[in-house]
Structures are given as C-alpha cells and as structure tokens.
Amino acid sequence: MAESPQAFYLRIANQADRVTAASILYANGYSVQPVRRKKNGRSYEYLVKFWIGQQDVDDVEVPE
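To keep things clear, this report deals only with the structure shown in the data block. Fair warning: this is a prediction, and the values are worked out from it, not measured in the lab.

Focus: the side chain of Glu 45
Secondary-structure assignment places Glu 45 in strand β3 (residues 44-52). Classification of Glu 45 by relative accessible area gives buried; the value is 13%. A distance of 2.5 Å separates polar atoms of two side chains, one belonging to Glu 45 and the other to Arg 37. Beyond its immediate chain neighbours, meaning those up to four positions away, Glu 45 contacts Arg 11, Val 35, Arg 36, Arg 37 and Lys 39.

Written as structure tokens, this is what we have:
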C-alpha cells in the first residue's frame, strides 16, 4: 500500500498571490488545492494546500 503524501499549507491573503503560488507549484509537479477555513466568527483565512502528486498515470485514454 502506498504511503499517503504529506500536505503543506501556505497562508496567503491576496487572491492574486494565491493563484500565482498555486500556478508555480502546479508547474513544478505538485498537486494544489485552495482551502478556506474560519479564522473567527465572521472571517476566513485562505490557504494553498500542496503536496507532491502522483507522477505516473496508467491506463489513460489520450484523445487524437
């Protein structure tokens, strides 16, 4: 059984900066996911979750 990947988080307040960071991570082989969690009663903090994604994919149909 494969070991589950360890996830890391970046706390970035500005949306444009989160998109840029996620794009750079994705381009370098990481899997990325946006995360929103409650900071206190009314506000949220926004994070970028990233981990090393699976490198090999088997049985993929490639359209011609």
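Details of the packing of aromatic side chains
Tallied over the full model, the rule gives 2 aromatic pairs. Three or more aromatic residues joined by ring pairs form one cluster here, namely Phe 8, Tyr 30 and Phe 50. When the ring centre of Tyr 44 is taken as reference, the NZ or CZ atom of Arg 36 above it lies at 4.0 Å.

Let's talk about helix α1 (residues 15-27)
At 3.6 residues per turn, the α-helix brings residues three or four places apart onto the same side. Counted at 1.5 Å a residue, the expected span for α1 with its 13 residues is 18 Å, and the 18 Å between its end C-alpha atoms agrees. Three or more residues of α1 are buried, namely Arg 18, Ala 21, Ala 22 and Leu 25. What you see down the axis of α1 is that its buried residues fit within an arc of 100°, all on one side. One side-chain oxygen of the residue at the start of α1 lies 2.8 Å from the amide nitrogen of Ala 16, identifying that residue as Asn 14.

Reading guide: rules and limits
Residues numbered from 1 in each chain as written. Predicted model: local features only at pLDDT ≥ 70, side-chain atom pairs only at ≥ 80, totals over all residues. Heavy atoms only, no water. Helix = DSSP H or I, 4+ residues; strand = E, 2+ residues; numbered from the N terminus. Buried < 20%, exposed > 50% of the residue type's maximum accessible area, 1.4 Å probe, protein only. Polar contact = N/O pair within 3.5 Å; in protein donor to acceptor, adjacent residues only side chain to side chain. Contact = heavy atoms within 4.5 Å. Phe/Tyr/Trp six-rings, centres within 6.5 Å; stacked < 30°, edge-to-face > 60°. Lys NZ or Arg CZ within 6 Å of the ring centre and 35° of its normal. Expected span 1.5 Å × (residues − 1). Arc of directions from axis to C-beta.

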